[in-house]
Number of protein chains: 2
Amino acid sequence: MATIADVARLAGVSKSTVSRALSRPEMLLPETVATVQDAAEKLGYVANSAARFLAGGRTGVIALVVPTLDNSFFAPIIGGAQARADAEGRQVTVAVHSFAAGESLTTFGRLARQVDGFIIVAPGGSDDIVRAAATKPAVLVDREIEGMSSAVADTASAFTLVVEHFARTGRRRLVYVGGPGNSWQDAQRTAAVRAAAERVGVSLEVVGPFPPTFAAGAEAARQVRELRPDAVIPYATALGLGIQHVYLVAGETPPVVSSERAIVEALGLAGVPAIDVDGRVLGDVAARLLSQRIQDPSGDPNRVRLSVPVTWGA
Amino acid sequence: MATIADVARLAGVSKSTVSRALSRPEMLLPETVATVQDAAEKLGYVANSAARFLAGGRTGVIALVVPTLDNSFFAPIIGGAQARADAEGRQVTVAVHSFAAGESLTTFGRLARQVDGFIIVAPGGSDDIVRAAATKPAVLVDREIEGMSSAVADTASAFTLVVEHFARTGRRRLVYVGGPGNSWQDAQRTAAVRAAAERVGVSLEVVGPFPPTFAAGAEAARQVRELRPDAVIPYATALGLGIQHVYLVAGETPPVVSSERAIVEALGLAGVPAIDVDGRVLGDVAARLLSQRIQDPSGDPNRVRLSVPVTWGA
């Protein structure tokens, strides 16, 4: 089997140039990359990264586990992790597992034998189940469990700012529309919103749980309207849009609803709080943390909280 | 290195049971699966699927290439392909590539050396670029190119039914709100909608291109309102929701807007056409077609068009 030295010799470059040309081509001149690729092709340096990782007892693959793919929130996280893994010469395999009680860990066990580690997005499921599943180095996204590494978007602090903003601008009756039951982030946000409302002295009702969709927002609108809030804080943007739709169709002016930047800008809204989670950065950080854990599985777990900006509209 | 026969002997089962326990555990008793997994673990039958595929010149990995992950439409396609590949003992690696003119095929070439084939979702990019990228067995999703296998949701026929429905129910001024420029599906839908409108004798204006988002719908609303349509057919559901929002905020009754089942049901709408693409089936069929091409790369390409149901609301 051809080695990296063979490819370097044929291409007339150093071994580190070969390695870089194959793993981080954007750092080199396109001509250099082409020369190395030609040499690799000629020598049949095919599927070699897998072979090399196998020789070291590794597969060169990391698994990114999400509870569902029917949620556009996970897409940028996958994209960010993908780009980081790509830069490090690893592949990402995307798997779906909800960690719901009763869901078998069998497929998970099989996956574990094929990868070097896990990035786990597991909003639901008990701490014990998630811990039991992590038989290889693992990093949690948007959830913290004692003894495990994690990368979390600090949306709880952002939601606190939103409550304070509403209080400052004279809103007195707030409703928080909760996300999926058992969601770690929803629990964090609910607690943060409750604490902030009490501290600044505004009333707060919590409704839910709801899935993070426009359709669920339309269902939630019935309950929300009965509470006659002057500001609504939905767990997710799509929920808020569904709620507003029902108000508008009924010919009523909806209360102000916190949202995200793209929506606030497109509608030209002023004074509407927009919470902007950068899922790509979250995925990137999670993949970096996983690299560390794969290299040093016995090191201390690392918890990263990324701050989440809030803006106030156009 | 332990073989499947070694595992079978230790577990006291047949080789085919071992194979099934590791690739399709849901077909066996949990106890059997556990016995086989224990035996595999003891013998260090680790990362062996990769090793086995390598021995046959294959990696056991297929790549699913999407233009972006920021579009929830692709999520169920990935999910469906994932489940099918899983059942066949393959891994799926998800990669992002837009095939835009000028975007380098370097990363693509590198990926090609690590996988057995591609499932390509490439709405944009020229036929020549997509063909050039497919250096391994490949199957296109939601696009057809001469000489290549493909799985396509026949939304063009569904959009034709929508135009006919609108004409039958007395709508005379239709607007089609186009999706991303260069999108193969958008071109198919535009042509189908134009042909149907002409055949049934209603007026049709086409606006766009727009990305398939709520925010873009809000932008599109300005143009749409000036055309005073009595029915709107958006390329994507989210576009339609953004358009309706702007009408409603302005205190105007929006025209009827075709949508999808979850929205129509949540809002309790009657007589609103709902177009339901099953992305999971699309992904499943694409993965099956790719299996065929990997087994028989010189066989004739296979084009599958999946019919897309249209319903008329609650």
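Thresholds applied
- Residues numbered from 1 in each chain as written.
- Chains lettered and ligands numbered in written order.
- Predicted model: local features only at pLDDT ≥ 70, side-chain atom pairs only at ≥ 80, totals over all residues.
- Heavy atoms only, no water.
- Helix = DSSP H or I, 4+ residues; strand = E, 2+ residues; numbered from the N terminus.
- Contact = heavy atoms within 4.5 Å.
- Areas by Shrake-Rupley, 256 points an atom, 1.4 Å probe, with all protein chains shown as cover.
- Lys, Arg positive; Asp, Glu negative; His and termini not counted.
- Charge placed at Lys NZ, Arg CZ, Asp CG, Glu CD.
- Phe/Tyr/Trp six-rings, centres within 6.5 Å; stacked < 30°, edge-to-face > 60°.
- Buried < 20%, exposed > 50% of the residue type's maximum accessible area, 1.4 Å probe, protein only.
- Lys NZ or Arg CZ within 6 Å of the ring centre and 35° of its normal.
- Axes fitted to C-alpha atoms, helices over the stretch in contact; angles between N-to-C directions.
- Parallel < 35°, antiparallel > 145°, perpendicular 65-115°, else oblique.
- Left-handed = near helix turned anticlockwise from the far one by under 90°.
- Nonpolar A, V, L, I, M, F, W, Y, C, P; charged D, E, K, R; others polar.
- 1 Å grid on protein atoms, 1.4 Å probe; cavity = no way out; pocket = protein on both sides within 12 Å on 5 of 7 lines; lining within 4 Å.
- Points joined across faces, edges and corners; volume = space filled by probe spheres on them.
- Domains from an automatic or database assignment.
- Pairing = 2+ DSSP bridges.
- Expected span 1.5 Å × (residues − 1).

(A) Quick look at the overall build of chain A. From N to C terminus, chain A includes 13 helices and 12 strands. Residue pairs in contact within chain A that sit at least 24 positions apart in sequence constitute 67% of those at least 6 positions apart. Accessible area of chain A: about 13200 Å², with a carbon and sulfur share of 51%. Within chain A, the 31 negative side-chain charges are centred at a point lying 3 Å from the centre of the 30 positive side-chain charges.

(B) Local environment of the packing of aromatic side chains. All names here are of chain A. Counted by the stated rule, this structure contains two aromatic pairs over all chains. Pairing F159 with Y176 gives two aromatic rings, centres 6.2 Å apart and planes at 80°, and the pair type is edge-to-face. Taken together, the positions of F159 in helix α8 (residues 155–168) and Y176 in strand β6 (residues 173–177) put the pair 17 residues apart, joining distant regions of the chain. The class for F159 is buried, based on a relative accessible area of 3%. Cation over ring: R225 sits above Y247, and NZ or CZ is 5.9 Å from the ring centre.

(C) Summary view of the packing of helix α5 (residues 74–87) of chain B against helix α13 (residues 279–295) of chain B. Residue and element names in this part refer to chain B. Two elements in contact, α5 and α13, have axes whose closest approach is 6 Å; the angle formed by their N-to-C orientations is 45°. When the interaxial angle is binned, α5 and α13 end up oblique. The element α5 and its partner α13 pack so that their crossing is right-handed. Here α5 contributes P76, I77, G79, G80, A81, A83 and R84 to the contact with α13, which in turn contributes G279, R280, L282, G283, D284, A287 and R288. When its residues are assigned to classes, the contact of α5 with α13 shows six nonpolar, four polar and four charged.

(D) Examining the layout of surface pockets more closely. Volume-wise, the second largest pocket comes out at about 760 Å³. Every residue lining the second largest pocket is counted, 46 residues in all, and those nearest its centre are A:H245, A:V246, A:L248, A:V249 and B:L248. Taken together, the elements giving at least two residues each to the lining of the second largest pocket come down to α10 (214–226), α11 (237–249) and β9 (256–257) of chain A together with α8 (155–168), α11 (237–249), β9 (256–257), α12 (261–266) and β10 (270–275) of chain B. Here the element with the most residues in the lining of the second largest pocket is α11(A); it accounts for six residues. Looking at side-chain class alone, the lining of the second largest pocket contains 28 nonpolar, 14 polar and four charged residues.

(E) Structural view of the domain arrangement of chain A. Each domain of chain A was delimited in the assignment, giving domain 1 (4–46), domain 2 (61–153 + 279–306) and domain 3 (155–275). Using C-alpha coordinates to define each centre, domain 1 of chain A is positioned 53 Å away from domain 3 of chain A.

(F) Representation of the environment of A:V66 in the model. All names here are of chain A. In this fold, V66 is placed in strand β1 (residues 61–66). Looking at V66, the relative accessible area reads 1%, which means it is buried. Residues V66 and S98 lie 32 residues apart in sequence; the distance between their C-alpha atoms is 7.1 Å. When sequence neighbours within four positions are dropped, the list of residues in contact with V66 reads F74, I78, V94, A95, V96, H97 and V121.

(G) Local environment of the packing of α11(A) against α11(B). Contact geometry for α11(A) and α11(B): axes closest at 10 Å, N-to-C directions at 40°. When the axis of α11(A) is compared with that of α11(B), the two are oblique. Crossing geometry of α11(A) relative to α11(B) is assigned as left-handed. Contacts from A:Q244, A:H245, A:L248 and A:V249 in α11(A) reach B:Q244, B:H245, B:L248 and B:V249 in α11(B). Here the residues of the contact of α11(A) with α11(B) sort into four nonpolar, four polar and no charged.

(H) Up close: the pairing of strand β2 (residues 91–96) of chain A. All names here are of chain A. Burial runs high along β2: five of the six residues are buried. Bridge count between β1 and β2: six bridges; the pairing is parallel. Residue A63 lies in a different strand from β2, and its bridge partner there is T93.

(I) Examining empty space enclosed by the protein more closely. Following the criterion strictly, the structure yields five cavities of 30 Å³ or more and no others. If you add up the space inside the second largest cavity, you get close to 70 Å³. Around the second largest cavity, the lining residues are A:L69, A:N71, A:S72, A:F74, A:A75, A:I78, B:L69, B:N71, B:S72, B:F74, B:A75 and B:I78. Elements with a minimum of two residues in the lining of the second largest cavity: α5 (74–87) of chain A together with α5 of chain B. Of the residues contributing to the lining of the second largest cavity, the split by class is eight nonpolar, four polar and no charged.

(J) View of the environment of B:V257. Residue and element names in this part refer to chain B. Secondary-structure assignment places V257 in strand β9. The spatial distance from the C-alpha of V257 to the C-alpha of A216 is 15 Å, given a sequence separation of 41 residues. Here V257 is in contact with V232, P234, G240, Q244 and V272, once residues within four sequence places are set aside.

(K) A look at the sheet that holds strand β7 (residues 203–207) of chain B. Residues and elements named next belong to chain B. Judged by pairing direction, the sheet is parallel, and its four strands sit side by side in the order β7-β6-β8-β9 without closing on themselves. Lying at the two open borders of the sheet, with one neighbouring strand each, are β7 and β9. Docked against the sheet, α8 engages β6 (173–177), β8 (231–234) and β9, running at close to 175° with respect to β8. Running at roughly 160° to β7, helix α9 (residues 184–200) makes contact with β6 and β7 of the sheet.

(L) A look at α11(A). All names here are of chain A. Taking 1.5 Å of rise per residue, 13 residues should cover 18 Å, and α11 covers 19 Å from first to last C-alpha, within 8% of that figure. Within α11, 11 of the 13 residues are buried, leaving the element largely enclosed by the surrounding structure. Looking only at α11, the buried set comprises T237, L239, G240, L241, G242, I243, Q244, H245, V246, Y247 and L248. Immediately beyond the C-terminal end of α11, within one or two residues, lies G251, with a positive phi of roughly 80°.

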